[in-house]
Amino acid sequence: MLRVALCSTALAGLIVIASVVVGGMSITRLAASGDRGPSAALLHHDFPGADLGDDVGHDGQQFYAMAREPMHPAEVSKSLDRPQYRWQRILFPLAIWVLHPTGGGRGLIVAMVMVGLAAMFLGAWAVGSLSVDRGGPAWLGALVPLSPGGLITLSYGLADVAALSLALTAVLMAERRRYRWAAIAAVAAVLTRESAVLLLIGWVLGAFLARSADRRRIAVTMGVAPIVAMVGWFGIVHLVVAASGRQVVELGLPLVGWFDSARLWLQGYEVGAGLMSLVAFVAAGVAIKRIGARSPWAAVIALQLAFLSVLQFGVIGDIKNGPRAVLPLLIVSAIAVVTAAANHNGAESPGGLADRVGNTVAV
């Protein structure tokens, strides 16, 4: 697993860095800079004369701003479009700041890339380990860094892979009955990106549906602990950070966003996003057919599908966002499909693999 994780992560890093170098772009593009973006003034200050790109950029520039001075939320919030929403996702910029706690500049962007690569490595290791523990191949872990969603996440300095990797690490630790580590990973996942809670809750539901002997511990470590941490942190953010910025409609009526996106894709625009969505949905369909309702992955896939159904056009329609939105569904479905035969069609309960991998001691 470690070799697959290292090689695939290194390859992903080379692809992303090469795209910036070959394209003659400024290093600020690795922080998703944009001359019309919310953090443009800050980036112009740190990189005088740099070409930030004639667009609004993406969310990475705001992670850059937060990582630059995480202890001064009021000042940093001037460079954020929706301060309360952005500060809810504290762990990713905080990890960047730990690597480079001395302000902005080139060093901070390098730290962003390093944290992104570390997240890819963790995700590749976790997926590979989940696969091998269930009798599947180690190479499955390479999907995390080398999938379009993974590459886009690294290219724009985003937190999607970090949250997914931490959530899957929590699943792995729960399967191995290392519940203290599972709780830590689960809490870290939801403080990186709140939507990671869906994967965790899905696994808890899977434990109860499968009548796992460890379902209560799984519920506490992967359900109660992350939700309490998330609600507590969100409460602090809403007390400390003033509400401002425009409202963005990301959730709506089921399937409306998909109909809007499909019309765009059928006209030949942003086709890559549509193709990645199709691949993810096909993988989910195959997984559901093969694993059965008692698999812990079944509830995870069902929750992912329900969540995706209410996402709106801006989240799923374009190539920068769509592959990231379906990434958790794609990875979870791939694990379920590849390991289904080795796992008796997915019927083994959460935590039931601990004896196989030699981790029988609960902590």
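Residues numbered from 1 in each chain as written. Predicted model: local features only at pLDDT ≥ 70, side-chain atom pairs only at ≥ 80, totals over all residues. Heavy atoms only, no water.

> Give a detailed account of a positive patch on the surface, specifying residues and quantitative values.
A cluster of basic residues, R211, R215, R216 and R294, forms a positive patch at the surface. Secondary-structure assignment places R215 in helix α13 (residues 215-240). Accessibility expressed as a relative area gives 30% for R215, which makes it partly exposed. (Patch = residues over 30% accessible without salt bridge, like charges linked within 9 Å, V, L, I, M, F, W, Y side chains within 5 Å. Areas by Shrake-Rupley, 256 points an atom, 1.4 Å probe, with all protein chains shown as cover. Salt bridge = Lys/Arg side-chain N within 4 Å of Asp/Glu carboxyl O. Lys, Arg positive; Asp, Glu negative; His and termini not counted. Charge placed at Lys NZ, Arg CZ, Asp CG, Glu CD. Helix = DSSP H or I, 4+ residues; strand = E, 2+ residues; numbered from the N terminus. Buried < 20%, exposed > 50% of the residue type's maximum accessible area, 1.4 Å probe, protein only.)

> Any chance you could break down the nonpolar core for me, citing the residues and the numbers?
Ranked by size, the top nonpolar core spans 102 residues in total, and within it Y64, L168, M222 and W297 carry the most contacts. If sequence neighbours within four positions are ignored, L168 has contacts with A126, V127, L130, L199, I331 and I335. (Core = buried A, V, L, I, M, F, W, Y, C linked by side-chain atoms within 4.5 Å. Contact = heavy atoms within 4.5 Å.)

> Account for the packing of helix α7 (residues 106-133) against helix α9 (residues 148-155), naming residues and giving values.
Two numbers describe a pair of packed helices, the interaxial angle and the distance between the axes. The interhelical angle for the contact between α7 and α9, taken along N-to-C directions, is 160 degrees, at an axis separation of 9 Å. When the axes of α7 and α9 are compared, the pair comes out roughly antiparallel. In terms of crossing hand, the pair formed by α7 and α9 is right-handed. Where α7 approaches α9, its residues V113, G116, L117 and M120 are matched on the opposing element by G150, L151 and L154. Tallied by class, the residues present in the contact of α7 with α9 amount to five nonpolar, two polar and no charged. (Axes fitted to C-alpha atoms, helices over the stretch in contact; angles between N-to-C directions. Parallel < 35°, antiparallel > 145°, perpendicular 65-115°, else oblique. Left-handed = near helix turned anticlockwise from the far one by under 90°. Nonpolar A, V, L, I, M, F, W, Y, C, P; charged D, E, K, R; others polar.)

> Residues and numbers for unusual backbone geometry, please.
With phi around 60 degrees, R177 is a residue other than glycine that occupies positive phi space. Examined against the element boundaries, R177 turns out to sit in the loop between α10 (160-175) and α11 (179-192).

> Please give an account of the packing of helix α15 (residues 271-291) against helix α19 (residues 327-339) that cites residues and values.
Running from N to C, α15 and α19 point in directions that differ by 35 degrees, and their axes come no closer than 8 Å. Two packed elements cross with a definite hand, and for α15 against α19 that hand is left-handed. Contacts between α15 and α19 involve M276, V279, A280, F281, A283, A284, V286, A287, R290 and I291 on the former and, on the latter, L329, L330, S333, A336 and V337. A breakdown of the residues in the contact of α15 with α19 according to their chemical character gives 13 nonpolar, one polar and one charged.

> Break down the environment of A118 for me, citing the residues and quoting the values.
Here A118 shows up in helix α7. C-alpha of A118 to C-alpha of L330: the two residues are 212 residues apart in sequence and 20 Å apart in space.

> Residues and numbers for helix α14 (residues 256-266), please.
Residues of α14 that are buried include every one of G257, W258, S261, L264 and W265, and no others. One face of α14 carries all of its buried residues, which in axial projection span an arc of 120 degrees. Across from the buried face of α14, at angles greater than 90 degrees, the exposed residues are F259 and L266. The inward-facing, buried residues of α14 abut α15, α16 (296-309) and α17 (313-316). The first or second residue beyond α14 is G268, which carries a positive phi of 95 degrees. (Arc of directions from axis to C-beta.)

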